[in-house]
Amino acid sequence: MRQPVKIKSPEGKLGVLLPGMGAVATTFIAGCMLARKGLGKPFGSLTQLGTIRLGKRTDKRTPYLRDFVPLAGLDQLVFGGWDIFPDDAYESAAHAEVLERRHIDAIKEELDAVKPMKGVFYPEYVKKLHGTYTKNDPSKSKADMVEALREDIRNFKRDNGCSRLVAVWCGSTEVYIEPSAVHQSIDAFEKGLKNNDPAISNSQMYAWACLKEGVPYANGAPHLSVDCPATWQLAKEMCMPVAGKDFKTGQTLMKTILAPGLKARMLGLSGWFSTNILGNRDGEVLDDPESFKSKEVSKLGVLQHILQPDVYPDLYGSIYHKVRIEYYPPRGDAKEGWDNLDIFGWLGYPMQIKVNFLCRDSILAAPIVLDLALLMDLAQRASFHGTQEWLSFYFKSPMHAPDLYPEHDLFIQSMKLKNTLRWMMGEELITHLGNEYYD
Ligand SMILES: NC(=O)c1ccc[n+]([C@@H]2O[C@H](COP(=O)([O-])OP(=O)(O)OC[C@H]3O[C@@H](n4cnc5c(N)ncnc54)[C@H](O)[C@@H]3O)[C@@H](O)[C@H]2O)c1
């Protein structure tokens, strides 16, 4: 057996910092609190329910992931974060209406105690929101904002007696920003902070503050944030893991399940039309074309990368792929998505697949936040740093090394995640070769 990677033990409290304490963040926090009281099960979470096969099938070793790698337990988690509205986690969860009152009332006291810190908010990056609970002061620069966030992080860690922290962005989706000169190096970024460079958005200030304070950072939204050379360099310098972008939940989750299946069977695809209605605050933010553009870019890459039209031009060379999101308040968080797939088979005969997914966005996203918090903390204790491609499983638009393409296929992502854990612990990687070849 290979030597396992040296991993520090997960002793003490792990603080989970959430910039943005809306629907996803409060559903995650409440779910963890309910699960540790035995009042609910963390369905959808690989770290809590998933198993991992080790060695040969005949070895019959299939432990739970949480028993195989040293993860922090739910009881060790402490929750905190920032928002641009002052609601505590109970009020915010009540406003989001994802969880029923019987759930949030059962843990009201604990939720009441999770109060957001004041957010950093320049409204030009999220045009639909008018935050009132912010640190902003026209006499201060973006560099001052980063300093103020760093102070929050240190205070949170001290006041809550945490031994480590991890951050997962659960804030609103910002407008689309292309990486520019200011994102190319640590120096350029720090100068940009001092000069209030307009290409530095709110989320980038949080990410910078976290990395500077030694806090691993995962980005649950599609905007740039930690996906640029300046943050890659800072992550390397600080020996911090970063991951992103955009939690893979409803429609894109379905896409990355179905598309690999069509490709495995060499069935062609001529068009994929996806439309959604949703009525939560996220939907309202995405009603702004500039925020939608971030989401659209994140969603559109999926099929290209999975189906490889350059390798299979006859099958996938002329796909018409369209994604729409419509803000429709009556639905709240209970989103509905429709997909129409025009596929073709033997001799080019056309067929259609219709998917009507009545999903609950935050119910699908909450376990991702939990897994990312625990696995990013594990990565940091194992001295993994830079972009964590093995966590692509959780993202719509996975971050990747600049000279590589992203991996979107859910099954390859799952294999990559589990093989990374096997490798970390010194176990053989699984190849799925059968006995018939060598018995
Ligand atoms: N729910 C899903 O399935 C899903 C999937 C993929 C990505 N996401 C992304 O996750 C994020 C959260 O989604 P949600 O449904 O909880 O949205 P939400 O609108 O309920 O919550 C976002 C919160 O972020 C706060 N916020 C905005 N800018 C901030 C800032 N600068 N500092 C601090 N707080 C700030 C808002 O006030 C709000 O409370 C969104 O970006 C969304 O696109 C969600």
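No experiment lies behind these values; they were computed from the predicted model shown.

Q: What exactly am I supposed to notice about the pairing of strand β2 (residues 77-83) here?
A: For β2, a buried count of six out of seven residues is recorded, marking the element as mostly surrounded by other parts of the structure. Pairing of strand β1 (residues 13-19) with β2 involves six bridges; the strand directions are parallel. Paired with Leu14 across the bridge in β2 is Leu77.

Q: Please explain the domain arrangement of the chain as it appears in this structure.
A: Put simply, an interface is often sized by how much accessible area is lost when its parts join up. Once the domains are mapped, the chain shows domain 1 (13-247 + 363-424) and domain 2 (251-358). Put simply, the middle of domain 1 and the middle of domain 2, counted by C-alpha atoms, are 26 Å apart. A per-class count over the side of domain 1 that touches domain 2 returns 12 nonpolar, six polar and eight charged.

Q: How do you make sense of the site of the ligand when you look at a structure like this?
A: Taken together, the neighbourhood of the ligand is formed by 34 residues, with Gly20, Gly22, Gly119, Ala221 and Arg281 sitting nearest. Those elements giving two or more residues to the shell around the ligand turn out to be α1 (23-36), β2, α12 (281-286) and α15 (361-381). Along the lines of polarity and charge, the residues of the shell around the ligand split into 18 nonpolar, 11 polar and five charged. Lining the shell around the ligand are residues from two domains, each supplying at least three of them: domain 1 (13-247 + 363-424) and domain 2 (251-358).

Q: Would you mind showing me how to read the sheet that holds strand β11 (residues 386-387) here?
A: Hydrogen bonds between backbone atoms are what pair the strands of a sheet, whose relative direction is either parallel or antiparallel. If you trace the seven strands from one edge of the open sheet to the other, you get β3-β2-β1-β4-β5-β6-β11, paired in parallel fashion. Two strands lie at the open edges of the sheet, namely β3 (117-118) and β11, each paired on one side alone.

Q: Sorry if this is basic, but what is going on with the nonpolar core here?
A: Considering soluble globular proteins, one finds that nonpolar side chains tend to be buried as a cluster. Of all hydrophobic cores here, the largest spans 96 residues; its most connected members are Val168, Val369 and Leu372. The dominant element in this core, judged by the number of residues it contributes, is α15, at 12 residues. Leu269, Trp272, Leu303 and Ile306 belong to the second largest nonpolar core, which has 11 residues in total.

Q: Looking at this model, I keep getting lost on the packing of α1 against α15. Mind explaining?
A: In a packed pair of helices, the relevant descriptors are the angle between the two axes and the axis-to-axis distance. Running from amino to carboxyl end, α1 crosses α15 at an angle of 65°, the nearest separation of the two axes being 8 Å. In terms of axis orientation, α1 runs roughly perpendicular to α15. As α1 packs across α15, the resulting crossing turns out to be right-handed. Where α1 approaches α15, its residues Ala23, Val24, Thr27, Phe28, Gly31 and Cys32 are matched on the opposing element by Ser362, Ile363, Ala365, Ala366, Val369 and Leu370.

What counts, and at which threshold
- Residues numbered from 1 in each chain as written.
- Predicted model: local features only at pLDDT ≥ 70, side-chain atom pairs only at ≥ 80, totals over all residues.
- Buried ≥ 20, exposed ≤ 12 C-beta atoms within 10 Å, placed from the backbone.
- Helix = DSSP H or I, 4+ residues; strand = E, 2+ residues; numbered from the N terminus.
- Pairing = 2+ DSSP bridges.
- Domains from an automatic or database assignment.
- Nonpolar A, V, L, I, M, F, W, Y, C, P; charged D, E, K, R; others polar.
- Near = placed C-beta within 6 Å.
- Core = buried A, V, L, I, M, F, W, Y, C linked by C-beta atoms within 7 Å.
- Axes fitted to C-alpha atoms, helices over the stretch in contact; angles between N-to-C directions.
- Parallel < 35°, antiparallel > 145°, perpendicular 65-115°, else oblique.
- Left-handed = near helix turned anticlockwise from the far one by under 90°.
- Contact = placed C-beta atoms within 7 Å.

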